[in-house]
Amino acid sequence: MSHTHSIRTLLGIKDEHIIIQKENCLKEEVANGLHCHVLSATLTYTPKACVRCGCVNQKSIVKNGLKTTRPLLLDTAGYPTYLNLKKQRFLCRECGKTFIAETSVVKKRCHISEDVKRSIAVNGTRNMSEKDIAQIHRVSNHTVKRVFESFYDTFRQTYQFLPDNLAIDEFKSVKNAAGAMSLIICDSDQKKIFDILEDRRNKSIIDYFMRFPKEQRAKVKTVVVDLYGPYQSLFQAIFPNADLIIDRFHIVTQVNRAFNIARISFMNTLKKSSDLKDKRDYTKLKRYWKLLLKREEDLSATEYSYQTLFKDSKTERGIVQYLLSLDEGLKQNYDVYQTILFMTNYRKPELFTAYIHEKKNHLTAKMEQALKTFRKSETAIVNALTYQYSNGLVEGINNKIKVIKRTAYGYRNFYNFRNRIFIEYKLLDIKTAA
Ligand SMILES: [Zn+2]
């Protein structure tokens with residue numbers, strides 16, 4: 001392999017019309033205070049036809065000087081790298097006009113090579129801010145935006161087709177979006193984002209789904225939604241034949257929050273008390289509160305370890321038993337939390353519905369409220385414990401969106417934000433022929 005051929009391979013310059021200078025082809029220079037590599041080459045060939053008038057070259061096109069350009073290549077050995085490329089200028093004797101030699105390495109009138117652009121486009125799928133992508137490629141933020149626009153189509157909904165099984169959740173959107181919250185719609189089977197709606201308010205949700213053909217809406221089988229009341233009747237109206245499913249995670253969150261409130265309010269009464277034992281119990285609750293949230297069945301009843309606060313060896317179960325013995329209200333709320341957790345985890349729809357109708361004592365207002373919400377959404381909860389679908393997928397996507405938003409230092413424009421989400425989820429193909 002010749003010397004220049006090796007350089008060609010290293011830099012990814014495949015165009016044979018680019019002839020790398022024989023002597024001293026690679027120079028080290030300082031540009032803008034930065035050490036950089038500059039490779040000198042010439043682009044020349046015999047054109048088949050004139051690009052201006054289209055006439056076939058029968059010795060009618062002659063070489064007419066060189067035009068020096070300096071496109072940016074990808075870094076080599078960590079240094080910014082430029083191609084000092086002298087492009088052949090041609091004169092067409094037929095039309096009298098001139099034109100410049102072209103290459104696939106760098107587009108006409110472009111200051112960055114196609115490789116750099118491709119690398120920018122690929123980095124768009126990673127969770128990096130546009131600013132960071134611009135910086136590592138040594139280009140402006142604006143260039144990154146332009147490359148995204150040229151490499152990825154903007155996502156457009158066709159309103160022709162709806163997935164059979166949907167999962168819908170909301171997320172806090174960008175500042176300029178209409179409505180503070182946006183809606184994310186996923187295909188539960190494909191495990192993919194189906195669309196992102198700027199505004200999660202009822203009117204815009206209805207407007208959006210009503211644009212799909214009626215038979216498409218009628219064939220939707222399940223919709224996973226959160227417990228937020230108005231959504232359930234709304235989606236039932238939009239998808240008349242669908243079974244609504246409350247996300248299991250949301251069921252547990254309800255009782256989890258309610259139980260935490262009960263625990264904190266009990267802890268506050270202990271904190272205010274002047275009794276020394278109350279103060280000690282407060283410290284114990286403060287130390288071991290996480291055990292109360294753990295699934296009861298996961299608490300160890302056999303492994304003893306010395307606990308300074310008890311001045312004794314205790315098992316996890318022993319500690320929890322002690323904490324619950326402190327207050328009847330705490331224990332009752334704990335029981336509801338654990339029961340719901342158990343029935344949700346082991347999918348016991350019949351037990352669940354029976355349980356939420358049972359009369360219970362000593363529950364906090366928040367816990368009563370949670371049970372009331374469950375009673376109102378009974379069918380959707382039974383579905384949640386029957387179907388396999390859940391919002392885990394959407395929650396995951398939602399978390400990633402938060403990260404995208406954070407690394408982007410906040411998108412101002414909702415559509416740019418949405419497109420970046422689609423790019424990161426690789427839902428937009430890189431255009432091959434640009
Ligand atoms: Zn011509």
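Every value quoted in this text rests on a predicted model; they were computed, and no experiment measured them.

What counts, and at which threshold
Residues numbered from 1 in each chain as written. Predicted model: local features only at pLDDT ≥ 70, side-chain atom pairs only at ≥ 80, totals over all residues. Heavy atoms only, no water. Phe/Tyr/Trp six-rings, centres within 6.5 Å; stacked < 30°, edge-to-face > 60°. Buried < 20%, exposed > 50% of the residue type's maximum accessible area, 1.4 Å probe, protein only. Lys NZ or Arg CZ within 6 Å of the ring centre and 35° of its normal. Helix = DSSP H or I, 4+ residues; strand = E, 2+ residues; numbered from the N terminus. Contact = heavy atoms within 4.5 Å. Arc of directions from axis to C-beta. Donors = N, O, S within 2.8 Å, 3.2 Å for Na, K, Ca; no water. Tetrahedral: all angles 85-135°; square planar, octahedral: opposite > 155°, others 65-115°. Domains from an automatic or database assignment. Buried area = accessible area lost by both parts, 1.4 Å probe. Salt bridge = Lys/Arg side-chain N within 4 Å of Asp/Glu carboxyl O. Axes fitted to C-alpha atoms, helices over the stretch in contact; angles between N-to-C directions. Parallel < 35°, antiparallel > 145°, perpendicular 65-115°, else oblique. Left-handed = near helix turned anticlockwise from the far one by under 90°. Nonpolar A, V, L, I, M, F, W, Y, C, P; charged D, E, K, R; others polar. Polar contact = N/O pair within 3.5 Å; in protein donor to acceptor, adjacent residues only side chain to side chain.

Caption draft 1: Focus on the packing of aromatic side chains. Following the criterion strictly, the structure yields 24 aromatic pairs and no others. Note on Phe148 and Tyr152: the rings are 6.2 Å apart at their centroids and 70 degrees apart in plane angle, and the pair reads as edge-to-face. Tyr152 matches Phe148 in its accessibility class, with the two residues each being buried. Taking 6.2 Å as the distance between ring centres and 35 degrees as the angle between the ring planes, the aromatic pair formed by Phe209 and Phe212 counts as tilted. What links up through ring pairs into an aromatic cluster is the set Tyr159, Phe161, Phe194, Tyr208, Phe209, Phe212, Tyr231, Phe235 and Phe239. Stacked on the ring of Phe310, the Lys or Arg Lys284 has its end atom at 4.6 Å from the ring centre. Over the ring of Tyr355 we find Lys360; its NZ or CZ atom is 4.4 Å from the centre of that ring.

Caption draft 2: Quick peek at helix α14 (residues 378-386). Along α14, the positions that sit buried rather than exposed are Ala380, Ile381, Asn383, Ala384 and Leu385. Close packing links the buried residues of α14 with α7 (229-238), β12 (243-246), α8 (248-272), α11 (328-345), α12 (349-357) and α13 (365-376).

Caption draft 3: Local environment of unusual backbone geometry. The phi dihedral of Arg138 is positive, around 60 degrees, even though this residue is not glycine. Locating Arg138 in the fold gives a position in the loop between α3 (130-137) and α4 (141-151). Judged by its relative accessible area of 32%, Arg138 falls in the partly exposed class. The phi dihedral of Lys191 is positive, around 55 degrees, even though this residue is not glycine. Along the chain, Lys191 turns up in the loop between β9 (181-187) and β10 (192-197).

Caption draft 4: Summary view of α3. For α3, every residue scored as buried is listed here: Glu130, Ile133, Ala134 and His137. Here the buried residues of α3 occupy an arc of 100 degrees about the axis, which is enough to place them on one side. Of the surrounding elements, those touching the buried residues of α3 are β5 (72-76), α2 (114-123), α4 and α16 (414-424). One or two positions beyond α3, positive phi appears at Arg138, with a value near 60 degrees.

Caption draft 5: Inspection of the coordination of the zinc ion at higher detail. At the metal site, the zinc ion is ligated by Cys50 (SG), Cys53 (SG), Cys92 (SG) and Cys95 (SG), and these contacts range over 2.3 Å. Here the zinc ion binds four donor atoms, and the angle range of 102 to 116 degrees at the metal identifies the geometry as tetrahedral. All donors to the zinc ion come from one chain, and their sequence spacing reads C-x2-C-x38-C-x2-C. Accessibility expressed as a relative area gives 39% for Cys53, which makes it partly exposed.

Caption draft 6: Spotlight on the domain arrangement of the protein chain. Per the domain assignment, the segments of the protein chain are domain 1 (3-104), domain 2 (112-151), domain 3 (165-247 + 391-424) and domain 4 (249-386). With centres defined by C-alpha atoms, the gap from domain 2 to domain 3 works out at 28 Å. On the side of domain 3, 10 residues touch domain 2, which itself brings 13 residues to the contact. Taken together, the two surfaces of domain 2 and domain 3 that pack against each other cover about 810 Å², and 46% of this comes from carbon and sulfur. If you sort the residues of domain 2 by the area they bury against domain 3, Thr125, Asn127 and Ser129 come out on top, with a joint share of 51%. Between domain 2 and domain 3 we count zero salt bridges in total.

Caption draft 7: Layout of the packing of α11 against α13. As a packed pair, α11 and α13 sit with axes 11 Å apart at the nearest point and diverge in direction by 30 degrees. Considering the angle they form, α11 stands roughly parallel to α13. The chirality of how α11 crosses α13 is left-handed. Every residue of α13 that contacts α11 at Asn333, Val336, Tyr337 and Ile340 is listed here: Met367, Leu371 and Phe374. Per-class residue counts for the contact of α11 with α13 are six nonpolar, one polar and no charged.

Caption draft 8: How the structure looks around the side chain of Thr44. Its place among the elements puts Thr44 in the loop between β3 (34-43) and β4 (61-69). A polar contact of 2.8 Å, which involves the side chain of Thr44, links it to the side chain of Gln88. The residues contacting Thr44, other than those within four sequence positions of it, are His17, Ile19, Lys63 and Gln88.

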